[in-house]
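What follows is the residue order along each chain.
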Amino acid sequence: MLPTILDGTFKFIDLLLGFDPSSLNISKKKWHSAFRDIYCSRALLSLNKASSSKKSHTNFPRSPSYTIVNLKPENRFQIDQTSLVQVVKEKDLVHLQKLGGVDGVASALGTDAALGIHDDEGEISRRHEEFGSNTYKKPPAKSLFYFVWQAFKDLTIIILIACAALSLGFGMKVHGAKEGWIDGLSIFIAVFLVIGVSAISNYRQNRQFDKLSKVSNNIQIEVMRDGRRQQISIFEIVVGDVICLKIGDQVPADGLLLEGHSLQVDESSMTGESDHVEVNQSQNPFLFSGTKVVDGYARMLVTSVGMNTTWGEMMSQISKDSDEQTPLQARLDKLTSSIGKVGLIVAFLVLVVLFVCYFTGTTKDENGNKRFNGSKTKIDDIINAAVEIIAAAVTIVVVAIPEGLPLAVTLTLAYSMKRMMVDNAMVRKLSACETMGSATTICTDKTGTLTMNQMKVTKFWLGKDSVAEGTYSSIAPYVIELFREAIALNTTGSVYKPTSGAEFEISGSPTEKAILSWAVLELKMDMEEVVKTHTILHVEAFNSKKKRSGVLMKRKADNSIWVHWKGAAEMVLAMCSSYYDASGLVKELDNNQKMEFEQIIQGMAASSLRCIAFAHKEVPTDEIEEHHTLKEDGLILLGLVGIKDPCRPGVKKAVQDCQYAGVSVKMITGDNIFTAKAIAAECGILRSNQDLSSGAVIEGVEFRNYTPEERMEKVDKICVMARSSPFDKLLMVQCLKQKGHVVAVTGDGTNDAPALKEADIGLSMGIQGTEVAKESSDIVILDDNFASVATVLKWGRCVYSNIQKFIQFQLTVNVAALVINFVAAISAGEVPLTAVQLLWVNLIMDTLGALALATEKPTNELMENLPVGRTEPLITNIMWRNLLSQAFYQIAVLLTLQFKGKSIFNVNDQVKNTMIFNTFVICQVFNEFNARKLEKKNVFQGLHKNKLFMAIIAITIVLQVLMVEFLNKFADTERLNWGQWGVCVGFASLSWPIGCLVKFIPLPEKPFLSYLKIKK
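Residues numbered from 1 in each chain as written. Predicted model: local features only at pLDDT ≥ 70, side-chain atom pairs only at ≥ 80, totals over all residues. Heavy atoms only, no water.

1. Regarding the overall build of the protein
In terms of regular secondary structure, the protein is built from 36 helices and 26 strands. Looking at the protein residue by residue over its 1016 residues, the buried ones come to 52%. Look at the contacts in the protein between residues 6 or more apart in sequence, and 73% of them connect residues 24 or more apart. As displayed, the protein has an accessible area near 47800 Å², and 57% of this comes from carbon and sulfur atoms. (Helix = DSSP H or I, 4+ residues; strand = E, 2+ residues; numbered from the N terminus. Buried < 20%, exposed > 50% of the residue type's maximum accessible area, 1.4 Å probe, protein only. Contact = heavy atoms within 4.5 Å. Areas by Shrake-Rupley, 256 points an atom, 1.4 Å probe, with all protein chains shown as cover.)

Put into C-alpha cells, the structure is as follows:
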C-alpha cells in the first residue's frame, strides 16, 4: 500500500514541477530522483514536527526497522576507471559506441569537448582522487649502502682488508693486546675511509643524475581548461583534460581523439613497429601515452593517466642507468689499465725483493737486530712479517692504479651538468659534455636561435601596393573578410578573450601568434565567430618540407567550398594565376607580374623580414575528391605579410667567440636566401668584406643537386644555406663528418631528428623544440639562444681541460710513489711509506684531488685554443713535460732523504720516514696549484673564484698536521719540530718555481709517445 501511495505522490510532484521523467538522460534522472527524495523527506519532517508540537507530552519510540538512504553517489562520474582503461587499451570500438562514442565518454567525465574541464583546485583534486595522477612508480633509487657494497667488491680493497685482518690478529698475538692492534686497525680505518669517501661521492653523483632526469621528464603540455589554452606540466594532467597536440609532441596520457586533421602517430615506442599509424574519429580514435605525433594536429580527451596507462606500467619497470660510459671514460679506462699493469709489475718486484731480503736476514727491526734468524724465529713472527710485506705490495698497487681518473670524470661531468643547467643547457647524454669541447663546426638554425623569436607583422602588401598601418579601412570589406577566413581557419594557434575585458591571450607558434595578433588587432577578426560560420572539411598541416599549410572549408551561409593556403611567399606565389589589387579586383598574374611580386618579396627579405603569402580558390562541389586533396594551382593571391624577428642581443659576440676559438658557424634556415643573408650579416656569420660568389651562400636545392665530390669540395666554404629541408641539413652533417669535422647541430622540429642524431652533438631547443627533437638530441638549450650554444662549447672544453689537469696531477704522484718505493725496497730492503701512509696519499690524490681540479670553472682563455681533435693524445707533450719535471724533482728529494736524511738532519729512522712522508704529501699540495694551469705560468690566476679548491687545500693541510702530530700510532709517524716542518715545506715549495721554469722549454708538435711507436 505504502509504495503505491509514494509512487502516486512522486507523480503528483512531477506534475506540479512540470517534469516528464522519460525525457531526462541518466545524469538528470539521478538529480531529479534526489530532488524528489529531499522534497518528500522535508515534507514528512515538517509534518512530524507539527505533530510533535501538538503532542509534546507523547514520546514515540523510533521504529526498530528503518533505512538510511545515502543520496551521495559513490562515483562522482558516470564512468569508472576500468571501463576507460579497457576501451583504449583494447581499442574496443564496439564498447566505445555503447558508451556513446567519444562525446559520450566526455559527457560521462564531465568534460566540455570545446572548453575542457573547470580550472579550479576542487575539480582537479576530485579527478586526482578518482582516477589517479599522471605519474608512475619508479624503481627504488640506489641507496648509499649499494655504493658502499660496490666499493667493497674492489679486488684491491678485499686484499687490503684481508691483510688488515691478518695484521690485527698476528699483531695482537705477537705484541699483545695493548700494542698489537694498532697496525691492523690503522689499515682497517684507512681502507674504510677510502671506501666511505668513494661511496659518498658516487652516491651524490647518482642523486644529481636523478634530479636532472626529473627535470628532463617534466614536459610542458598544452591543455584546454575553461575555454583557455594554457601550458601545464605533464604531471598535472588529469582524466577528462582536453589536450592540444601538434607535430612533434609526445602524447602525455592514454585518450581518445576529439577532433583532428591529418593526424599520424609513431607508436614504435609501444609496439616496435616503425610504420606511422593514422588516427581518426571513425576507425581509430585511440591515442597512447608515450607515442609521438609525426604529422597533423588534434585535440584529445584524456581517459587514463599514470599507472593506468601501458606506458606508465612499462616505465615503472625500467630503471634508468646513469652508468653511461663516455668516450673519454673509455679512453681513461685504457690508461688506468696500462698504468695498473706497470703498478702490478713494480708491486710484484717489491714483493719478491722484500721476501728475499727478509729470509736472507738483510731486514732488521728498530733495534738493529735481524728479523729472521732461521729456525730461531717464531712462526707467528714470520707470518706477521709476510702480512706486512704483502700489505705494502698491495698498497703500492692501490697507489699505482689511478682509480681516481674515472671518479674525476664523473665529478667534472656531474659538476658541469649542474652548472650548465644554470647556464640554460640541460645535458641529456653525458658524452656530449666532453665531445662539445672538440667541436669544429656548429650548424645553427636562424629562427629563435640567432633571432629573438618575438615576431610581429610590420609589412602588409595587397597586390603591388604596400598598405600602411592604420589605413586598413580603405581595403574592400570582402577582401578583409577573406583574410579573416584565411587566418582564423588555417592556423594551429588560438585566441582567448577573458570575460573580464582583459587583453586577448594568443597561443601558438611565434609565426602563428604574430599573424593572429595582427588579424585580431588590425583586421578586427573575431575568431570564434569565423569558426562558427564555417565547417572545416580537411587540413594539410604545415611541416618544414612543404613550408606551407592548407585548409578546405565550407561556408555555412551558402554552402560554397573554398581552399585556403598560407606559407613561404615564393612557394605560394608559384601556385597562383591571379591576384587581388588594392581595390579588391581580381587581376591576372602573368610572368612579368610574378617577377614584380618576387622583387617585392626579395625587398622584404633583404630587410630581414620573413615573408608569408595567403592565397585561396573556390572549389566546385563536383571537383572535391573523396580524400579531400587540396587544390594547388590556379589560386588567387590574397596578399603578403612581412614578419620582423630581431636578432638576439649578444648573438654577434657569441658567433665571434666561436670563430675566434677556431669553430666554424654555419646557418641553415628554411627562410629565403635574401632574409638568410641579411640575418647572417647582422649576426656576424657573413663578414662585410666576404666574397659571396665563392659559394658562401647557397640554397638547399643547389646543395642537394651537387655530386658527392662537389659537396665534399664546397661544404667547408658554405656559411649560409637557405630554403633548406631537414634532408639538406642531414646531408651537410654527413659531409662535414666525412671530412673529419666534429659537428654540433641545433634543431627544433620533428624533421630535424635525423640530423640531430647524425651529428656528434645534437642541440635541441627547449622552448620551440618538439619532444621528438629533444629526444633525438644530446643537450637541450633551454632558452633557445645561440649564446647558450657558445657557453656549452666553453663548458665542453672546460671538462676536457679539467680531466687533463687531474691526469697530470695524478700521474706525477704515481710515478714518484712507484719509483721511491721500488728503489728503497731494492736498496734498503724496506719501503719508507707504510700501507696507511700510502692509503692517505691515495685519498688525497684520488678523491680530494679530483674534487679540487675537476670543479674548475671555464675561463675565456679556453676559447683562445683551437678545438681538440678526435685522435689527439689524452696526455699531451705539455703534460708530459710538466709531470715528469715534478716527478723527477720529488724522486730526487725523497731519495736524498731516504739515504742521507739521517746524517744530514741528525734524526732516527722513524723521524726520517716521517719527513719523507710529510714532504711527499706537501709536494702534492703545492703541485695541485701547478696542475691548475697546464700552459700559463701564473698558476694563481682566478684562484679567489674557486672557493672549493682553497677549501680542499686547507682540509688536506689540517688532516696532514693531524696525521703527523697527533695520530702517530695510527699513521706510524713521529712528531716533527718547527725546523723539520720548515724543511718539508721548503722542499715542497720549490715545485712552484720549477713548474714555472719548465714552461719556458720549447716542445715538438709531434706527440712524445709517437717517437716510441707506442700505439695508444
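2. Some details on helix α32 (residues 947-965)
Counted at 1.5 Å a residue, the expected span for α32 with its 19 residues is 27 Å, and the 27 Å between its end C-alpha atoms agrees. All of the buried residues along α32 are Phe949, Ile952, Ile953, Thr956, Gln960, Met963, Val964 and Glu965. (Expected span 1.5 Å × (residues − 1).)

3. What about helix α31 (residues 909-932)?
The end-to-end C-alpha distance of α31 is 35 Å, a good match for the 34 Å that 24 residues give at a rise of 1.5 Å each. A large share of α31 lies buried, amounting to 22 of its 24 residues.

4. A short note on unusual backbone geometry
Excluding glycine, residues mostly carry a negative phi; peptide bonds, for their part, are mostly trans. Positive phi values are uncommon outside glycine, yet lysine 91 reaches one of about 50°. Looking at the element boundaries, lysine 91 is found in the loop between α3 (81-89) and α4 (93-98). On the basis of relative accessibility, which here comes to 35%, the residue lysine 91 falls in the partly exposed class. Its identity is not glycine, yet aspartate 226 carries a phi of approximately 55°, on the positive side. Within the secondary structure layout, aspartate 226 lies in the loop between β1 (220-225) and β2 (228-233). With relative accessibility at 38%, the residue aspartate 226 sits in the partly exposed group.

5. Quick notes on the packing of aromatic side chains
In total, this model carries 20 aromatic pairs according to the counting rule given. On the numbers, 6.2 Å between centres and 15° between planes, the contact of phenylalanine 355 with phenylalanine 359 is stacked. Linking phenylalanine 355 with phenylalanine 359, this pair stays in helix α12 (residues 327-359), spanning four residues, or about one helical turn. Given a relative accessible area of 23%, phenylalanine 355 falls into the partly exposed group. Under the relative-accessibility criterion, phenylalanine 359 is labelled partly exposed at 41%. When the centroid spacing of 5.0 Å and the interplanar angle of 65° are considered together, the rings of phenylalanine 460 and tryptophan 518 count as edge-to-face. Remark: tryptophan 518 occurs in helix α17 (residues 510-521) and phenylalanine 460 occurs in strand β10 (residues 456-462); sequence separation between them is 58 residues. (Phe/Tyr/Trp six-rings, centres within 6.5 Å; stacked < 30°, edge-to-face > 60°.)

6. Examining the sheet that holds strand β24 (residues 743-747)
Pairing is mixed in the open sheet, where eight strands are placed in the order β8-β26-β25-β24-β9-β21-β23-β22. Pairing within the sheet leaves two strands with one partner each, and these edge strands are β8 (425-427) and β22 (697-699). Averaged over all adjacent pairs, the angle separating strand axes in this sheet is 20°, with direction ignored. Here three bridges tie strand β9 (residues 441-444) to β24, and the two strands are oriented parallel to one another. Opposite cysteine 443, over in β24, you have valine 745 as the bridge partner. Those strands touched by helix α25 (residues 726-738) are β9, β21 (664-668), β23 (720-722) and β24, and its axis lies near 170° from that of β24. (Pairing = 2+ DSSP bridges. Axes fitted to C-alpha atoms, helices over the stretch in contact; angles between N-to-C directions.)

7. Some points on the side chain of lysine 594
Tracing the sequence through the fold places lysine 594 in helix α20 (residues 591-606). No salt bridge is formed by the buried lysine 594. Its closest oppositely charged neighbour is glutamate 598, at 7.1 Å. Side-chain polar atoms of lysine 594 contact the backbone oxygen of cysteine 576, separated by 3.4 Å. (Lys, Arg positive; Asp, Glu negative; His and termini not counted. Salt bridge = Lys/Arg side-chain N within 4 Å of Asp/Glu carboxyl O. Polar contact = N/O pair within 3.5 Å; in protein donor to acceptor, adjacent residues only side chain to side chain.)

8. Things to note about the confidence of the model for the protein
On average, the protein scores 81 in pLDDT, and the residues at 70 or more come to 85%. The low-confidence segment residues 1-6, where pLDDT is below 50, has zero contacts with residues more than four positions distant or belonging to other chains. In the model, residues 49-73 has pLDDT below 50 throughout and makes three contacts with residues more than four positions away in sequence or in other chains. (pLDDT = per-residue confidence, 0-100.)

9. Regarding the pairing of strand β4 (residues 254-266)
Pairing analysis gives ten bridges linking β4 to strand β7 (residues 292-304), with the strands arranged antiparallel. When the sheet's bridge partners are listed, glutamine 264 is paired in β7 with aspartate 295. The pairing of β4 with strand β6 (residues 286-287) spans two bridges and is antiparallel. Residue pairing across strands places leucine 256 opposite phenylalanine 286, the latter belonging to β6. Bridge analysis of β4 against strand β5 (residues 277-278) gives two bridges, and the strand direction is antiparallel. From the neighbouring strand, valine 265 faces β5, where its bridge partner is valine 277.

10. Side note on the environment of phenylalanine 940
With respect to the helices and strands, the residue phenylalanine 940 is situated in the loop between α31 and α32. When the C-alpha atoms of phenylalanine 940 and asparagine 930 are compared, they prove to be 8.7 Å apart, with ten residues separating the residues in sequence.

11. Brief notes about the nonpolar core
Ranked by internal contacts, the top residues of the largest apolar core, which has 66 residues, are Met436, Ile685, Val720, Ile761, Ile779, Phe786 and Ile807. At twelve residues, helix α28 (residues 786-828) tops the list of elements feeding residues into this core. Those residues in contact with isoleucine 761 that sit more than four places away from it in its chain are Ala432, Thr435, Met436, Ala439, Val742, Val743, Ala744, Val745, Asp778 and Ile779. By size, the runner-up hydrophobic cluster in this structure holds 63 residues, among which are Phe188, Leu838, Trp840 and Val893. (Core = buried A, V, L, I, M, F, W, Y, C linked by side-chain atoms within 4.5 Å.)

12. A word on the pattern of salt bridges
Any two side chains of opposite charge can pair, on the condition that their charged atoms come close. Under the definition given, this model contains 30 salt bridges. Close ionic contact of aspartate 119 with arginine 225 constitutes a salt bridge, the shortest N to O distance being 3.8 Å. Pair noted here: aspartate 119 is in the loop between α5 (101-108) and α6 (121-131) and arginine 225 is in strand β1, with a separation of 106 residues, a long-range link. We note a salt bridge from lysine 933 to glutamate 861, for which the minimum N-O separation is 3.7 Å. Remark: glutamate 861 occurs in the loop between α29 (835-854) and α30 (877-905) and lysine 933 occurs in the loop between α31 and α32; sequence separation between them is 72 residues. Across this residue pair, the class does not change: lysine 933 and glutamate 861 are buried. Residues participating in the shared-partner salt-bridge network are Asp119, Arg225 and Asp241.

13. Describing the environment of lysine 446
Assignment of secondary structure puts lysine 446 in the loop between β9 and β10. Expressed as a C-alpha distance, the spacing of lysine 446 and cysteine 683, which sit 237 residues apart in the sequence, is 9.9 Å. Once residues within four sequence positions are removed from consideration, lysine 446 is found in contact with Thr451, Arg610, Met667, Ile668, Thr669, Asp671, Thr675 and Ile679. Separated by 2.8 Å, the side chains of lysine 446 and aspartate 671 make a polar contact.

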